[in-house]
Amino acid sequence: MRNVSAIMQRELLSLFCSPIAYIVMAGFWLVTGAIAVWNADAFGPGKPATLRDIFMWTPFILTIVIPAMSMRSISEEYRSGTFETLMTAPVSDTQVVLGKYLASLVFYGIMIAGTLIYPLLMEAFGNPDWGEVLAVYLGLLLLGVCFTAFGLFASSLTRDQAVAWILGAVPLMLLVLSVYSLVRRFEGWQRELVQQINIMGRFGQFARGQVGIDAVIFFLASAGLFLFLTVKVVESRRWR
Amino acid sequence: MIEVRNLSKYFGSRCAVDNISFSVEPSTIVGFLGPNGAGKTTTIRILTGYIPPTAGTAKVAGHDVVKESLAVRAVVGYLPESVPLYPEMRVYEYLNFRGKLRGMDRSQREAAIARVTERCWLADALRRPIGQLSKGYRQRVGLADALLHNPQVLILDEPTVGLDPTQVRETRGLLRELAADHPILFSSHTLSEVEAICQRILIIHEGRIIAAGTVDELKARVDGQRRVHAELKGPSREIGAAVQKLPGAEQVKVTSDGDWTHLELAAGSQTCQALAELAASRGWAVRRLHQETPSLEDFFVQAIIDARVSAGSGGRPAPLRS
C-alpha cells in the first residue's frame, strides 16, 4: 500500500510540474465557463436553479480533456527509460498502475472542484436542489473514474504522448457521440442494449438528480476492466 | 550470490543470449566485457528481473529471478546503462521516492540519503532538479539510487561512462570498497578499468561467454612472444651477434646510437634473464631492459577474432578454451 501511495505522490508531483496540467485545467474551466455564459438566459428569474445546461456537454468535453491529462502517465516512462527502474524496483505492476490511476483521479477531482463555483453562485441567487447538485457531481466523478482508466490504458499502449492522447480521445469521442445520436434509431430490446453504453444518457440521469445503481456499476465496472487491461499491457512489456 | 545456469534469451528468432553459465561469489567484483550487442545488457536485465529468460535459470542471493522476482528486486541495486531519471524531480525527492519504493520508513530514508549523498558526492546537487544536472551528476544520482537500500548485490551497466577522470578513479575506489560487503557485477567497455578493479572477468560475444577467469589468467593466455627492448653500451656488431645466440631470441633488430646499441627482439620467457647475464659477463652497461607484458586488450581482441574465425568456419562455433 505504501508503494501505491509513493507512486501516486510522485505522479502528482510530476503532473503539477508539467505545464500540460495547468493548460488542461484552465482549458476545461474556460470552456465550461463559456458554456455557462452562452446559457445565461437559462438562469433568469423564475426558472429552475439547475446545473443541467452547464454540464450537458461535459461528457463530450471530458473525452478530450481526460486523455490529455493522462497521456503522459505511462508513455513518458517508456520514452525516458524510467520504466526499467520502475520494473526493477520491488513493486508489482498492479501497484504501479493503481498509483498512477489514483494520481490522475486526484487531479481530476481538483479540476472538477473548480466548477463548484456554479452551485455556489446559484445558492447565492436562488434555491438550488442540493440533492440534484450532489447527483450531478457524483455523475461527474463516475465519468472521471471511467474515462481516466481508459486514458491510462491508452497511455500504456505507446511511447508517444500524442498517440496516447489520440488513442484515448478518439474512441471515447466516437462512443459518446455516436451512441447518443444513434440511440433513437433503435427500438425495443436493441434500444435497451444500446442504452447500456449511452454515456451521455447515463450522465443525463445524474444531471436530473437520479442516481441509478446500474449507472454506478457501469462506470465502476468499465473502470475496473480498463485498469485490468492496463496492468496486462504493462506486464506484457517485459516480454518484448 | 549470483548463479546463472544455461541461460538463454531469444527475441523472436534472434538469439541474444545463448546458453551461458557463470557465477559471482560474495566479495568479488566481476567484470562483464564484450563488444556492443554481445548480450551484456540483456543478461543484466534478466538478472535484475526486468525481462524473463527464454530458457535456463538465474538465481540472485538464492532467489530465482522468475519465481521470486520481487525478492530478487529487493536485494539488487541496479544502475541501467542509460541512467533513466525523472527530470522534473529534485535529487532528494527522487531518492526519497526510491526509498519509499524500497519499503524504508522516514528515518531510514533520511539516514540512507545522507549516506549515499556522502558516498556519491551529491551534497551540492541535492536540491537541484535532475533535468539541470550534468551527465556526471546524473550518473552519481543513479549510483546513489542503486546503493540506497544497502543492496546485497550490485549490478551496474557501464557505471563510469560520462564521468571525468577524477570521478572515474573515485568511483573505482568506491566500487572496491563496496566489494568488501557486496558482490558486484558490472559491464564495461573500458578494458583498463576492468583490469584495474575486477577480480574476475567474463568476456561475452554474440551471446556466448568466450572466456572467463582472473585478469592474470587471461593475460597469460595471449599467444605469441613478447618483445624485449634493451639498450646496451658496447660495440653493436658484437652485441648483435651474441644476442642472436641467446635461447629463445628471434628477429633481433640492432640499431646503433652513438655509444649505445638499441636492441629489439622477440623473446621467450628466459631470454630477458639470459640477456642481463650476458651483458653483465661482457661488461656492457645496461640502460634499459624491458619485456612487454600482454595487455587485457590483446587478449580481448584475440579472443574476439578467434571467436569470429571459428564462427566463420561453419557449424556451431566452439567457445575459446575456457
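Heads up: the structure comes first, above all this text.
Below: a short report on this structure.

What counts and what doesn't
- Residues numbered from 1 in each chain as written.
- Chains lettered and ligands numbered in written order.
- Predicted model: local features only at pLDDT ≥ 70, side-chain atom pairs only at ≥ 80, totals over all residues.
- Helix = DSSP H or I, 4+ residues; strand = E, 2+ residues; numbered from the N terminus.
- Rg over C-alpha atoms; globule rule 2.2 N^0.38 Å.
- Buried ≥ 20, exposed ≤ 12 C-beta atoms within 10 Å, placed from the backbone.
- Contact = placed C-beta atoms within 7 Å.
- Pairing = 2+ DSSP bridges.
- Axes fitted to C-alpha atoms, helices over the stretch in contact; angles between N-to-C directions.
- Expected span 1.5 Å × (residues − 1).
- Parallel < 35°, antiparallel > 145°, perpendicular 65-115°, else oblique.
- Left-handed = near helix turned anticlockwise from the far one by under 90°.
- Nonpolar A, V, L, I, M, F, W, Y, C, P; charged D, E, K, R; others polar.

## Thoughts on the overall build of chain B
Each helix and strand counted, chain B has 11 helices and 14 strands in total. A compact globule built from 322 residues would reach a C-alpha radius of gyration of about 20 Å, whereas chain B, at 25 Å, exceeds it by more than 25%. Considering only C-alpha atoms, chain B reaches an extent of 80 × 50 × 30 Å along its principal axes. Buried residues in chain B amount to 41% of all 322 residues.

## Observations regarding the overall build of chain A
Per the secondary structure count, chain A includes 13 helices and 0 strands. Starting at the N terminus and walking to the C terminus, you meet the elements of chain A as α-α-α-α-α-α-α-α-α-α-α-α-α. Computed over C-alpha atoms, the radius of gyration of chain A comes to 19 Å, within 12% of the 18 Å expected from 2.2 N^0.38 for 240 residues, which places it in the range of a compact globule. Dimensions of chain A, computed from the C-alpha atoms along their principal axes, are close to 65 × 45 × 30 Å. Taking all contacts inside chain A whose residues are at least 6 apart in sequence as the whole, residues at least 24 apart take part in 80%.

## With respect to the sheet that holds strand β8 (residues 184-188) of chain B
Residue and element names in this part refer to chain B. Taken in spatial order, the 6 strands of this open sheet run β6-β7-β8-β3-β9-β10, and their pairing is mixed. Strand pairing shows two members of the sheet lacking a second neighbour, β6 (76-79) and β10 (208-214), which therefore form its edges. Averaged over all pairs of adjacent strands, the angle between their axes in this sheet comes to 15 degrees, without regard to strand direction. By the bridge criterion, 4 bridges tie β6 to strand β7 (residues 153-157) in an arrangement that is parallel. In the sheet register, glycine 77 faces β7, and the bridge partner there is leucine 154.

## Observations regarding unusual backbone geometry
Residue and element names in this part refer to chain B. Residues other than glycine seldom take positive phi values, yet asparagine 6 does so here, at roughly 50 degrees. By the C-beta count within 10 Å, which is 13 here, asparagine 6 ends up partly exposed. The phi dihedral of serine 27 falls on the positive side, at around 60 degrees, and the residue is not glycine. Counting through the fold element by element, serine 27 comes out in the loop between β2 (14-24) and β3 (29-33).

## Digging into the environment of arginine 159 of chain A
Residue and element names in this part refer to chain A. By the secondary structure assignment, arginine 159 is in the loop between α9 (130-156) and α10 (161-182). Using a count of 15 C-beta atoms within 10 Å as the deciding quantity, one classes arginine 159 as partly exposed. Setting aside anything within four residues of it in sequence, one finds arginine 159 in contact with Ser75, Tyr78 and Arg79.

## A short note on helix α5 (residues 135-147) of chain B
Residues and elements named next belong to chain B. Relative to the 18 Å expected for 13 residues at 1.5 Å per residue, α5 spans 18 Å between its end C-alpha atoms, a close match to the ideal helical length. Most of α5 is tucked away: 11 of the 13 residues are buried. Residues Tyr137, Arg138, Gln139, Arg140, Val141, Gly142, Leu143, Ala144, Asp145, Ala146 and Leu147 constitute the buried set of α5. Buried residues belonging to α5 abut β6, α3 (91-101), α4 (106-119) and β7.

## Let's talk about the packing of α3 of chain B against α5 of chain B
Residues and elements named next belong to chain B. Interhelical geometry of α3 versus α5 gives an angle of 25 degrees and a closest axis separation of 10 Å. By the angle between their axes, α3 is roughly parallel relative to α5. Considering only the axes of α3 and α5, their crossing is right-handed. Taking contact as the criterion, the partners of Val91, Tyr94, Leu95 and Arg98 in α3 are, on α5, Val141, Ala144 and Asp145.

## Here we look at the interface of chain B and chain A
Counting from both sides, the interface comprises 21 residues of chain B and, opposite them, 21 residues of chain A. If you list the elements that add at least two residues to the side of chain B that touches chain A, you get α2 (69-75) and α3 of chain B. For the side of chain B that touches chain A, a count of residues per class yields 13 nonpolar, 4 polar and 4 charged.

## Quick notes on the sheet that holds strand β11 (residues 226-233) of chain B
All names here are of chain B. The antiparallel open sheet is built from 4 strands, whose spatial order is β12-β13-β11-β14. The sheet terminates laterally at β12 (250-257) and β14 (286-291), the two strands that pair on one side only. Sheet twist, expressed as the average angle between the axes of neighbouring strands with direction ignored, equals 10 degrees. As defined by bridge partners, β11 adjoins strand β13 (residues 260-267) across 8 bridges and the pair is classed as antiparallel. In the sheet register, glutamate 231 faces β13, and the bridge partner there is histidine 262. With respect to the sheet, helix α9 (residues 236-244) is in contact with β11, β12 and β13, its orientation differing from that of β12 by roughly 165 degrees. Packing against the sheet, helix α10 (residues 271-282) makes contact with β11, β13 and β14, and its axis sits at approximately 170 degrees to β14.

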